[in-house]
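# Tertiary structure, described
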Amino acid sequence: MKRDFIHITDFSSDEIQEIFELTAKMKTLVKAGREYAPLKGKNMAMIFAKPSARTRISFETGMSQLGGHAIYLSPDDIGIGKREAVKDIARVISRYDEIIMARLFDHAHMLELAEFATVPVINGLTDLNHPCQVMADIFTVLEHRKHLNDLKVAFVGDGNNVANSWINLAARLPLHFMLASPSGYDPDETILKNARSAGISRIEIVRDPVEAVTDADVIYTDVWASMGQEVEAEKRRRDFLPFQVNGELIRHARKDVLIMHCLPAHRGDEITDEVIDGPNSIVFDEAENRMHVQKAIIVKLLK
Ligand code: CP
Ligand code: NVA
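What comes next is a walk through the structure. (Residues numbered from 1 in each chain as written. Chains lettered and ligands numbered in written order. Predicted model: local features only at pLDDT ≥ 70, side-chain atom pairs only at ≥ 80, totals over all residues. Heavy atoms only, no water.)

A few words on the overall build of the chain. For the chain, the count of helices and strands is 12 helices and 9 strands. Taken over C-alpha atoms, the radius of gyration comes to 19 Å for the chain, in line with the 19 Å a tight globule of 303 residues would show. Considering only C-alpha atoms, the chain reaches an extent of 55 × 45 × 35 Å along its principal axes. In the chain, which comprises 303 residues, the share counted as buried stands at 55%. For the chain, the accessible surface area stands at approximately 13,200 Å², while carbon and sulfur atoms represent 51% of it. Side-chain charges of the chain comprise 37 positive and 45 negative groups, with the mean position of each set lying 4 Å from the other. (Helix = DSSP H or I, 4+ residues; strand = E, 2+ residues; numbered from the N terminus. Rg over C-alpha atoms; globule rule 2.2 N^0.38 Å. Buried < 20%, exposed > 50% of the residue type's maximum accessible area, 1.4 Å probe, protein only. Areas by Shrake-Rupley, 256 points an atom, 1.4 Å probe, with all protein chains shown as cover. Lys, Arg positive; Asp, Glu negative; His and termini not counted. Charge placed at Lys NZ, Arg CZ, Asp CG, Glu CD.)

Moving on: the sheet that holds strand β7 (residues 202-206). Across the sheet, which stays open at both edges, the 5 strands sit in the order β7-β6-β5-β8-β9 with parallel pairing between neighbours. The open sheet has two free edges, formed respectively by β7 and β9 (258-261), since each of these has just one partner strand. Strand-to-strand twist of the sheet, defined as the mean angle between neighbouring strand axes without regard to direction, takes the value 20°. Alignment of strand β6 (residues 176-180) against β7, held across 5 bridges, turns out to be parallel. If you follow A180 over to β7, its bridge partner there is V206. Where helix α5 (residues 131-145) meets the sheet, it contacts β8 (218-221) and β9, and its direction lies at approximately 165° from that of β9. (Pairing = 2+ DSSP bridges. Axes fitted to C-alpha atoms, helices over the stretch in contact; angles between N-to-C directions. Contact = heavy atoms within 4.5 Å.)

Around ligand 2 sit L125, H130, N160, N161, D222, V223, S226, M227 and L263, and those are all the residues in its vicinity. N160 is positioned such that a nitrogen or oxygen atom in its side chain is 3.3 Å from a nitrogen atom of ligand 2. Within the side chain of S226, one N or O atom sits 2.7 Å away from a nitrogen atom of ligand 2. Protein coverage of the free-state accessible area of ligand 2, which is 270 Å², stands at 95%. When its residues are assigned to classes, the shell around ligand 2 shows 4 nonpolar, 4 polar and 1 charged. (Near = heavy atom within 4 Å. Polar contact = N/O pair within 3.5 Å; in protein donor to acceptor, adjacent residues only side chain to side chain. Nonpolar A, V, L, I, M, F, W, Y, C, P; charged D, E, K, R; others polar.)

Attention now goes to the site of ligand 1. Taken together, S52, A53, R54, T55, R103, H130, Q133, C262, L263 and R290 are the residues near ligand 1. Between R54 and ligand 1, the recorded distance is 2.8 Å, taken from a side-chain N or O atom to an oxygen atom. R290 places a polar side-chain atom, nitrogen or oxygen, 3.0 Å from an oxygen atom of ligand 1.

Attention shifts here to the nonpolar core. Grouped together as the largest cluster of nonpolar side chains are 56 residues, with contacts concentrated most on M44, I122, M135, I138 and W166. Looking at this core, the element that brings in the most residues is α5, giving 7 residues. Grouped together as the second largest cluster of nonpolar side chains are 24 residues, A180, V213, I219 and I271 included. (Core = buried A, V, L, I, M, F, W, Y, C linked by side-chain atoms within 4.5 Å.)

Below, the discussion takes up the pattern of salt bridges. Enumeration according to the criterion identifies 26 salt bridges in this entry. The salt bridge partner of K303 is E18, with a shortest N-O separation of 3.5 Å. Placement of the pair is K303 in the segment after α12 (283-302) and E18 in helix α1 (residues 13-31), with a sequence separation of 285 residues. Given a relative accessible area of 34%, E18 falls into the partly exposed group. As a salt-bridge pair, R254 and D256 come within 3.0 Å of each other at their nearest N and O atoms. Residue classification places D256 among the partly exposed residues on the basis of a relative accessible area of 37%. Bridged by salt links that share partners, the residues R3, E15, E18, K300 and K303 form one connected network. (Salt bridge = Lys/Arg side-chain N within 4 Å of Asp/Glu carboxyl O.)

Attention now moves to the state of the cysteines. Taken as a whole and judged by the stated rule, the model has 0 disulfides. Take C132: it sits in no disulfide, and the sulfur closest to it among the cysteines is that of C262, at 13 Å. On the basis of relative accessibility, which here comes to 5%, the residue C262 falls in the buried class. (Disulfide = S-S within 2.5 Å.)

Here's what the structure looks like:
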């Protein structure tokens, strides 16, 4: 039966481990300039209903390194759910290509795409979650820390799609995840409830960013207004101002705290230049690992 990757919880803890082992192997090969191209003749359709830099470049380059090919479909090309029904495009692409990656607004459209496609579907972000991002994030933490024992992740900012994927991750790997967000910007309730009942992680929501960053191993932030929320940007800027990740805030953290951001960053809003360009920042390792981890996810789904 075909497998999709729509939520981190679609994989078991063992499968996540297996993906990271494959990621590490493939990353070493790329760094050594050695070819690993098991996907010769395979094509991926990439549907983008929202803009992207990292997701497009990392999937397209990754497919090419694997010996396959990726087709970029811009927001103007398909008009998924508007010009054409989601289930029709799912069935059409399944007749041409071996795998689909999609970045959509509505998570229900992602689920419908996966239901009607007869080939694997990978979620490259919806309004609800961003699973490839957080798989790359935790792989990056492991590269820097070697283990997850007692890992405290302080997510400072919006309880958004990226935060939701972190909470999904906490249902598969043991973490102490503390989100500091203003009231009214909490993560998805169902995701939170399910992750808490998985019972392997401590997941807390607080209103004080200093409380979150104290003793944190990782400080993570993301934009205050996500794609599609542009009209709320001014109100959000006012609400989130006390949650800026700046030099003063990180003074309360451990000296070796890792600073992470999925990018693109709105420098001067959620994070200052001093912090994102500072010695603790691993944002570009994180961006690079999108490609390595996604290659392993593609290989796993196509095997
Ligand atoms: N982090 C991330 O998904 O970046 P893009 O929006 O540029 O793809
Ligand atoms: N939360 C952000 C993530 C971008 C990669 C957004 O959805 O715009």
